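# Structural description and commentary
As a plain string of letters, each chain reads:
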Amino acid sequence: MPDPDASSGVVNPSRWASRMVKLARELTDEAPLGATITSGARQPVTIPASRYVDPAFADLELQRLWPRVWQLACSTDHVAKPGDAYEYRCGPYSIVIVRDDGGVLRAFQNVCRHRGSAICEGATSGLTELRCPFHRWSWDLSGRLREVPSRRGFGSLPAEQYGLFSVAVETWGPMVFVDPSSAAGPLAPFLEGVPEDIAWVGLDEYHCDYLVTVPLPGNWKVISDGFSETYHVQGLHRELLPSVDDVNGPQRLWHHHGKLEQRYGLPSPRFREPPGIDAVWSSFVEIMGARIGVSDVSTPAPSVPPDQTLRDVLAGMLRDVGRSEGVSYDRFTNDQLMTMQQYNLFPNVSLVIFPDLMTVLRSRPGTTPDDGYLDVINYRRTSPGTPVARPTDVLLPAGSDPGLGLILNQDAGNIARAQRGLHQPGFTRMTLSREECRILNMHRNLEHWLGITTTEITGV
Ligand SMILES: [Fe+2]
């Protein structure tokens, strides 16, 4: 069931903010919201499992969350040139993003003003108009009604009254965001301190090469929660342990969003006997060997000079790969090259950023609470002036091998199990550790957007 007073109106923002501060203090002992989390909560936090399986709760999300929150729609490379268009779907909602003749980025609800047919589908380019295939009404790329076949049969159809319904659209770096309600305010305040925090990496130099959509048998929150904590690395991704510090990654919470920094190229402190360099090397190659130009896990480990670590050597190899592609990484430190910056943007996006690449992991709701989509949007840094092709978009058949590499395949393969368990009648609440504070932060924001005035979260 949804929260009992969910229909009673919008939450008092100051009360919500004070709950957030209290939450942060529980998580950090003393630090205010936004501080780095370094110490433990006193008791576990629990979340109602019904939020992941109840059709009424999913309906509430469709009414109150998705229509009125900034959400990542596509890459700027999808709509780089006049006449480029991209259809973004989220649940039943469909928005078309288009670059108009003057180079202005625009977004519209994807609906014909005649009898409501959707106008566009997928990604297209070279458009000079938006034309409904049903009865051939058309609009120019700024959304102004242009042509109606047999127009006299309608009586008066003033163009100014029959434009496409516009949607707020803005960009951050190589990403396009939309606010379907156009009422959420500007994008920049919504993103809070995240763009400033990652400004050093220079996201404007990144370009999207593909977007893969994987239908999965799980709630959109089950999918995104899997990219909001690293507690599961020692369970699901044991192959990672020799080459990642999955324990000491500092986290940070803003009001809407969260962050994790995680170091690669060194073993997890969970090992009683730390693995040797050969094991760290082969794990790193298996997980992200492409970054250093090595794909064969049997490739012998490089020698490590006495004044360096393996991380230094890996960073040097990454610089060599960049040089061969005309990209310089000399302005970054070895630690920056080997450390993942992961941002969880409310509600449904995780940005996995290194100086050479960004992988956007986005979840979207499906037709039931038990269905969703995982979108993997891959970006690479390119040298300035390099011609950029349109991204390749792939929609995989349900149940197919996603072919996303070892780790993401493991994440995708875990979704059905995670969702099935949530239906068991004995399981009414999930229990979170402080390491899972980014999941809790998502639920706090979800409560805010849904207008739930009495929290069902316990332990805070
Ligand atoms: Fe994972």
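Fair warning: this is a prediction, and the values are worked out from it, not measured in the lab.

With that out of the way, let us pick up the coordination of the iron ion. Within the protein, His-232 (NE2), His-237 (NE2), Asp-411 (OD) and Asp-411 (OD) serve as the donor atoms for the iron ion, at 2.0 to 2.7 Å. Geometry at the iron ion is irregular, judged from the four donor atoms that bind it and their angles of 52 to 156° at the metal. All donors of the iron ion come from a single chain, and their spacing in sequence reads H-x4-H-x173-D. Residue His-232 is classed as buried on the basis of its relative accessible area of 17%. Among the residues examined, His-237 registers a relative accessible area of 2% and is labelled buried.

Let us now look at the side chain of Asn-348. Position of Asn-348 relative to the elements: it lies in the loop between β16 (339-345) and β17 (349-354). Residues contacting Asn-348, with those up to four places away along its chain left out, are Trp-66, Trp-220, Leu-361, Arg-362, Ser-363 and Arg-364.

Now for unusual backbone geometry. With glycine set apart, most residues show a phi of negative sign, and most peptide bonds adopt trans. Cis peptide bonds are those with omega within 30 degrees of zero, and the linkage from Phe-346 to Pro-347 qualifies with 0°. Tracing the sequence through the fold places Pro-347 in the loop between β16 and β17. One non-glycine residue, Ser-150, adopts positive backbone phi at about 50°. Looking at the element boundaries, Ser-150 is found in the loop between β10 (145-147) and β11 (168-172). Phi is positive for Ser-182, which is not a glycine, with a value near 55°.

Moving on to the nonpolar core. Counting 103 residues, the largest nonpolar core has Ile-97, Trp-172 and Leu-351 as the members making the most contacts within it. Each of two domains, domain 1 (6-68 + 415-450) and domain 2 (71-183), supplies a minimum of three residues to this core. Beyond its immediate sequence surroundings of up to four residues, Trp-172 is in contact with Phe-177, Leu-187, Leu-191, Val-194, Pro-195, Ile-198, Leu-203, Leu-345 and Leu-351. Ala-85, Leu-130, Leu-157 and Ala-159 belong to the second-largest nonpolar core, a separate cluster that totals 17 residues.

A few words now on the packing of helix α7 (residues 277-288) against helix α8 (residues 310-324). Between two packed helices, what matters for the description is the angle formed by their axes and the separation of those axes. Relative to each other, α7 and α8 sit at 35°, their axes nearing to 11 Å. Here α7 and α8 pass one another in a crossing that is right-handed. Note on element contacts: α8 touches α7 through Leu-310, Leu-314 and Met-317, opposite Ile-277, Val-280, Trp-281 and Phe-284. Residues that form the contact of α7 with α8 fall into these classes: seven nonpolar, no polar and no charged.

Between helix α2 (residues 55-65) and helix α12 (residues 437-450), the least distance of the axes is 9 Å, while the angle of their chain directions is 70°. Taken as axis vectors, α2 and α12 run roughly perpendicular relative to one another. Contacts from Phe-57, Leu-60, Glu-61, Arg-64 and Leu-65 of α2 reach α12 at Leu-446, Trp-449 and Leu-450. Residues of the contact of α2 with α12, tallied by class, amount to six nonpolar, no polar and two charged.

Considering all chains together, one arrives at zero disulfides under this definition. In this structure Cys-120 is not part of a disulfide, and its nearest cysteine sulfur, from Cys-132, lies 9.2 Å away. The class for Cys-120 is buried, based on a relative accessible area of 14%.

Once that is clear, we can look at the sheet that holds strand β9 (residues 138-139). In space, the three strands of this open sheet follow the order β8-β9-β10, with antiparallel pairing throughout. Two strands in the sheet have a free side with no partner beyond their single neighbour: β8 (130-131) and β10. Where β9 and β10 come together, two bridges link them in antiparallel fashion. Residue pairing in the sheet places Trp-139 in a bridge with Leu-145 of β10.

According to the stated counting rule, one finds 24 salt bridges in the structure shown. When the shortest N-O distance is used, the salt bridge between Arg-270 and Asp-246 registers 2.7 Å. With Arg-270 in the loop between β15 (258-263) and α7 and Asp-246 in the loop between α6 (233-236) and β14 (251-253), this pair connects stretches of sequence that are 24 residues apart. Put simply, Lys-259 and Glu-261 hold a salt bridge, and the shortest N to O gap is 2.9 Å. Classification of Lys-259 by relative accessible area gives buried; the value is 7%.

Strands sit in the order β6-β5-β4-β7 across an open sheet of four strands; the sheet is antiparallel. The strands lining the two open edges of the sheet, one partner per strand, are β6 (105-109) and β7 (123-124). Here strand β4 (residues 85-90) pairs with β7 via two bridges, running antiparallel. Within β7, the residue paired with Ala-85 across the bridge is Thr-124.

Another point: empty space enclosed by the protein. Going through the model one piece at a time under the given rule, you end up with five cavities of 30 Å³ or more. One number sums up the size of the largest cavity: a volume of about 150 Å³. Every element with two or more residues in the lining of the largest cavity is listed here: α5 (220-225), β16, β17 and α12. No other element matches the four residues that α12 contributes to the lining of the largest cavity. Of the residues contributing to the lining of the largest cavity, the split by class is nine nonpolar, nine polar and two charged. One number sums up the size of the second largest cavity: a volume of about 50 Å³. What lines the second largest cavity is simply Ala-290, Arg-291, Leu-318, Val-321, Gly-322, Glu-325, Tyr-329, Asp-356 and Arg-380. Per-element tally for the lining of the second largest cavity: the top contributor is α8, with three residues. Residues belonging to the lining of the second largest cavity are distributed by class as follows: four nonpolar, one polar and four charged.

Cut-off values and rules
Along each chain, the written sequence defines residue order, and numbers are assigned to residues from 1. Local features in this predicted model are restricted to residues of pLDDT 70 or higher, and side-chain atom pairs are both shown and tallied only at a pLDDT of 80 or more, whereas totals for entire chains, interfaces and linings draw on every residue. Note that water and hydrogens are dropped before the side-chain values are worked out from all heavy atoms of the structure. Atoms are scored as donors when they are N, O or S and lie within 2.8 Å of the metal, with 3.2 Å used for Na, K and Ca; no water is included, so coordination may look incomplete. Labels for metal geometry use angle windows, namely 85 to 135 degrees for all angles of a four-donor tetrahedral site, and for square planar (four donors) or octahedral (six donors) sites opposite donors over 155 degrees apart plus all others within 65 to 115; sites meeting none of these are irregular. Relative accessibility decides the category of a residue: with a 1.4 Å probe and only protein chains considered, values under 20% of the type maximum give buried, values over 50% give exposed, and everything between is partly exposed. Helix and strand definitions follow DSSP, with helices as H or I runs of at least four residues and strands as E runs of at least two, each counted in order from the N terminus. Any two residues whose heavy atoms approach within 4.5 Å are treated as being in contact. Buried Ala, Val, Leu, Ile, Met, Phe, Trp, Tyr and Cys residues that are joined via side-chain atoms within 4.5 Å together make up what is termed a nonpolar core. Domain delimitation in this document rests on an assignment produced automatically or drawn from a domain database. Only C-alpha atoms enter the line fits that serve as axes; for helices the fit covers just the stretch in contact. Angles between N-to-C directions range over 0 to 180 degrees. Here a crossing is taken to be left-handed if its near helix is turned anticlockwise relative to the far helix by less than a right angle, and right-handed if that turn runs clockwise. Residues were grouped as follows: Ala, Val, Leu, Ile, Met, Phe, Trp, Tyr, Cys and Pro as nonpolar; Asp, Glu, Lys and Arg as charged; and all remaining residues, including Gly, as polar. Throughout this description, any angle smaller than 35 degrees is read as roughly parallel, any larger than 145 degrees as roughly antiparallel, any in the 65 to 115 degree range as roughly perpendicular, and the remainder as oblique. When the sulfur atoms of two cysteines come within 2.5 Å, that pair is taken as a disulfide. Think of it this way: DSSP has to see at least two bridges between two strands before they count as a pair. In what follows, salt bridge is the name for a side-chain nitrogen of Lys or Arg lying within 4 Å of a carboxyl oxygen of Asp or Glu. Each cavity reported here is a set of points on a 1 Å grid over the protein atoms alone in which a 1.4 Å probe fits but cannot get out, each pocket an open set with protein on both sides within 12 Å along at least five of seven lines, and each lining residue one with an atom within 4 Å of a point. Grid points are joined across faces, edges and corners, and a volume is the space filled by probe spheres set on the points.

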